Amino acid sequence: MLRTLMDFFRRDARHAQIVLLAALLVHGLLNLHWSLQLPRYAVLIGSCLAMQAMAVRVLDLPLSGLKSAVITGLGLSLLLHVGTLGTAALAAVIAIGGKCVLRDRGKHVFNPGNLGIVLTIILSRDAWVSPGQWGSGALLLVLFGSLATMMLLRVGRADVAFTFLGSFGLLQFARTVMYLGWGTDVFVHQMMNGSLLLFSFFMITDPMTTPNAPRARIVWGMLVAAVAFLLADRVRIQAAPIWALFLVSMFTPVFDRLWRAARFQWSPPVRNTQINIDPITS
Amino acid sequence: MKLHRFLLPALLAGSLPQVGTAFCGFYVAKADATLFNDRSGIILVRDGRRTTITMSNDFKGDVRDFAMVVPVPTVLREQDIRVVDRAIFDQLDAYSAPRLVEYYDANPCQRWDYAVMDELDRAPMAGAAMKEVREEQSARSRGVTIEARYSIGEYDILILSAKESEGLKDWLIENGYRIPATANEVLDPYIKDHLKFFVVKVDLERMQDMGFEFLRPIQVSFESDRFMLPIRLGMANSKGEQDMIVYAFTRTGRVECANYRTVDLPTDRHIPLYVKDRFGEFYRDLFKRHYEREGRHIVTLEYAWNVTPSWNGVKCDPCVGPPPLTAQLTQAGVDWVGPNGGANGNVFFTRLHVRYARADFPQDLLFQVTPDQQQFQGRYILTHPAQGDLSCSAGQDYLEDLYYRRKKEVDELATLTGWNTWDDRRYIDEVKGRMTPERRNGLDAPVIPFRRPGGGQGPGSMLWLIGLAALVFGAAVHIAARSRALPG
């Protein structure tokens, strides 16, 4: 029984991701008392699935892409608030549609959830992100951190999460504590924001849309942090990391050309030979 | 236990005098502290980059002792500062407060908070010009610049900028403001963040000439990307809890807090009839329990509604106070309706209640405007039982339902307020008196819930469980992976 379960999670890192995101949604509903909006979640996840199914049909993509669509739908449910269900459907169409259309040498440019959120906010004027909805606290860090690190180690993207959080934290510390002179509790409160942590561990780390080469990912993560910091501090945009990721993602193809490496694949090839042919380290 | 509850900071009516501060001002109470400061009222209007803040002045002490220091992002011009009628706060409060009609008698006052001076400089009028020169000279030597000086209504207003907190603090002390010793840690960041200081005193003679007994609310407007309330200044010398009610108006939808959770007030609950006479106490305890359960660092949504004057929809349900009229909206700083505003001026109203203490709110409140038009109100429902003869079978069924319903109401009351409802058995049992003996014997024994007041579980406990489970699970996966890898 346990072995079957283990196999299920090891076969594809997305399985764990789906379980984690669903758990976070349940946590939001049960513990943080978000208003239960089942139609919204149904439309978001359902539309993502429908769009992906269409893509599977038309573009002859692998069926396993449906798992990614569920992840996108869950991610949108966790982050994006909408006024009407039509807007929810629009977000799903943009997210999955953008994944199929905006491609560079076969790799999609934007994180689907990120693209869905940003464009839906701009286009519909009926959608928003609530950066305060998770609250702030060390518990969140423990939770997100422990859950996500495990998963990211599996897909090899923990580097992006920690680069981003580290650089963003350094910039915030320099500005808030060292320059402005606030106490460290202000800094801790900023960094323990649940939305920031969710973004760091679940959005920016998408293995399909981060640069392929590890070195490129470090630079890229730092760039997202710098842009997010500027947007938050200068332009005073709320949920700045989401906008920063959108802006920096436009240049991900450039990163992939400067630092060459093989693309990520969800299901690893034959396991025993993986180490020998793993092109990422070469 | 009950006595203790009464002694908690009162939310609805008067409160115990205490040393502390609210929103953005220093405040040092006198020994006999006649000043109340546990509750402040703010009207917040946001339209694009423009923010209008109105601060209610329900100042109880000697007006000579009144003074206020508020950080603002720009040097305000004279036309950016207004004095408005204080009735606007009462009207908005009456319209949007959590509803049970009797609630309103108990809730007459909003409170605001101010820096308190030792004594105003009562130099003779002839010396006024001299005084200004003195002030400016001393300001320059302290790195403080008096950017502007206005007399508006009963208030004398200065806009200060400063180079460093020590100089500003010294200048304020020199000019009669008693500044808490810990003020530096807050003043410094504001100065470095290029904020200006809006400093207000009362001109007693002008006030007497105008015939006002009370200080009227001051309204300031400015353009800025920041949409925030600087609560840290008001907490500089206080560790206690303070309450603030924010009445916010936008064109698009709800206002929510961007750096703390905005949580809905528990609403639409059925509660026992006898709460009617104790509604003030009920809501006070409900709020306290809600705030503690949600982990204290939260902002509570108490009301959200479309109040566009030209909109024909229902403005409240039920209405306990009249919805704001165009004239009141204009007074509150909503400048896109009324004669000068266009016909398409939508107005959405949000009421937020913040209970804050230094330990739970390290950061100033940041807000954002959302397109969320969902309406919300805090509503508690009393249901009177049917009267007359209920001896028929349907009537007996009804009484049975009523019996269980009352059990639920009492349970709800205990859950919401933490009250010990042991004595409330009579409320449930009185239904039995109207039932036939057979029916009465068929009832389940009432299980009266007994709750210990306070002890609500924070949202954290579940998080720990999930986190722990994940760690165990992760370790298991890791071990399984390794044990597999070895033979391969």
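Whatever comes next refers back to the structure up there.
Quick caveat: nothing in here was measured; it's all calculated off a predicted structure. (Residues numbered from 1 in each chain as written. Chains lettered and ligands numbered in written order. Predicted model: local features only at pLDDT ≥ 70, side-chain atom pairs only at ≥ 80, totals over all residues. Heavy atoms only, no water.)

Explain the overall build of chain A to me, please; I cannot follow it from the model alone.
When its secondary structure is counted, chain A shows 14 helices and four strands. A total of 282 residues make up chain A; the buried ones form 56% of that total. The long-range fraction of contacts in chain A, counting pairs at least 24 apart against all pairs at least 6 apart in sequence, stands at 76%. As displayed, chain A offers around 11900 Å² of accessible surface, 69% of which is attributable to carbon and sulfur atoms. (Helix = DSSP H or I, 4+ residues; strand = E, 2+ residues; numbered from the N terminus. Buried < 20%, exposed > 50% of the residue type's maximum accessible area, 1.4 Å probe, protein only. Contact = heavy atoms within 4.5 Å. Areas by Shrake-Rupley, 256 points an atom, 1.4 Å probe, with all protein chains shown as cover.)

Explain the pattern of salt bridges here, please?
For side chains of opposite charge, pairing can occur when their charged atoms come near one another. Summed over all chains, the structure comprises 35 salt bridges over all chains. Note that B:R278 is salt-bridged to B:E281, the shortest N-O span being 3.2 Å. Note on B:R278: relative accessible area 27%, which makes it partly exposed. Within the structure, one salt-bridge network assembled from shared partners comprises A:R175, A:D233, A:R234, A:R236, B:D193 and B:R226. (Salt bridge = Lys/Arg side-chain N within 4 Å of Asp/Glu carboxyl O.)

Can you walk me through the side chain of B:Q368 in this structure?
In this fold, B:Q368 is placed in strand β17 (residues 365-369). Here the side chain of B:Q368 touches A:V129 through a polar contact of 2.8 Å, landing on its backbone oxygen. A polar contact of 2.7 Å, which involves the side chain of B:Q368, links it to the side chain of B:E256. Here B:Q368 is in contact with A:W128, A:V129, A:S130, A:P131, A:Q238, B:F227, B:R254, B:V255 and B:E256, once residues within four sequence places are set aside. (Polar contact = N/O pair within 3.5 Å; in protein donor to acceptor, adjacent residues only side chain to side chain.)

How do you make sense of helix α11 (residues 214-235) of chain A when you look at a structure like this?
Residues that lie three or four places apart on an α-helix share one face, since the helix turns once every 3.6 residues. All names here are of chain A. In this model, α11 (22 residues) spans 31 Å end to end at C-alpha, consistent with the 32 Å of a helix rising 1.5 Å per residue. Among all positions of α11, only A216, R217, W220, G221, V224, A225, A228, F229, L231 and D233 are buried. Those residues of α11 that are buried lie in contact with α8 (158-179), α10 (194-203), α12 (240-249) and α13 (252-258). After α11 finishes, the residue R236 shows a positive phi value of roughly 55°. (Expected span 1.5 Å × (residues − 1).)

Hey, could you run me through the packing of α11(A) against α12(A) in this one?
Two numbers describe a pair of packed helices, the interaxial angle and the distance between the axes. All names here are of chain A. For the pair α11 and α12, the least separation of the axes is 8 Å and the interaxial angle reads 130°. The angle between α11 and α12 places the two elements in the oblique class. Note that α11 runs across α12; the crossing there is right-handed. Touching W220, L223, V224, V227, A228, L231 and A232 of α11 are A240, P241, W243, A244, L245, L247, V248 and S249, all from α12. For the contact of α11 with α12, the class distribution of residues is 14 nonpolar, one polar and no charged. (Axes fitted to C-alpha atoms, helices over the stretch in contact; angles between N-to-C directions. Parallel < 35°, antiparallel > 145°, perpendicular 65-115°, else oblique. Left-handed = near helix turned anticlockwise from the far one by under 90°. Nonpolar A, V, L, I, M, F, W, Y, C, P; charged D, E, K, R; others polar.)

What is the right way to read the packing of aromatic side chains from this model?
Between two aromatic rings, the relevant description is the distance of the centres plus the angle of the planes. Residues and elements named next belong to chain B. Under the defined criterion, the tally for this structure stands at 27 aromatic pairs over all chains. Aromatic pair F287 and Y291: ring centres 6.5 Å apart, planes at 10°, arrangement stacked. Note that F287 and Y291 are positioned in helix α7 (residues 279-293) at a spacing of four residues, about one turn of the helix. These aromatic residues form a ring-pair network of at least three members: F89, Y95, Y247, F249, Y303, W305 and F349. The ring of W419 is capped by R278, whose NZ or CZ atom sits 4.2 Å from the centre of that ring. Directly above the aromatic system of Y427 lies the positively charged group of R406, at a separation of 4.0 Å from the ring centroid. (Phe/Tyr/Trp six-rings, centres within 6.5 Å; stacked < 30°, edge-to-face > 60°. Lys NZ or Arg CZ within 6 Å of the ring centre and 35° of its normal.)

Would you take a moment to explain a nonpolar patch on the surface for this structure?
Among the surface-exposed residues, A:L247, A:M250, A:F251, A:V254 and A:L258 lie close enough to one another that they form a single nonpolar patch of about 470 Å² accessible area. Mapped onto the elements of the fold, A:F251 is located in the loop between α12 and α13. (Patch = residues over 30% accessible without salt bridge, like charges linked within 9 Å, V, L, I, M, F, W, Y side chains within 5 Å.)

What should I look at first to understand the side chain of A:N114 in this one?
Residues and elements named next belong to chain A. Relative to the helices and strands, N114 is located in helix α6 (residues 112-124). Take N114: its relative accessible area is 0%, and that puts it in the buried class. Setting aside anything within four residues of it in sequence, one finds N114 in contact with M203, I242, L245 and F246.

Please clarify how the pairing of β17(B) should be interpreted in this entry.
Looking down a regular strand, the side chains alternate between one sheet face and the other. Residue and element names in this part refer to chain B. Looking at chain direction, strand β10 (residues 228-229) and β17 are connected through two bridges and run antiparallel. Counterpart to L229 in the pairing with β17 is L365. As defined by bridge partners, strand β12 (residues 255-257) adjoins β17 across three bridges and the pair is classed as antiparallel. Paired with C257 across the two strands is F367, which belongs to β17. (Pairing = 2+ DSSP bridges.)

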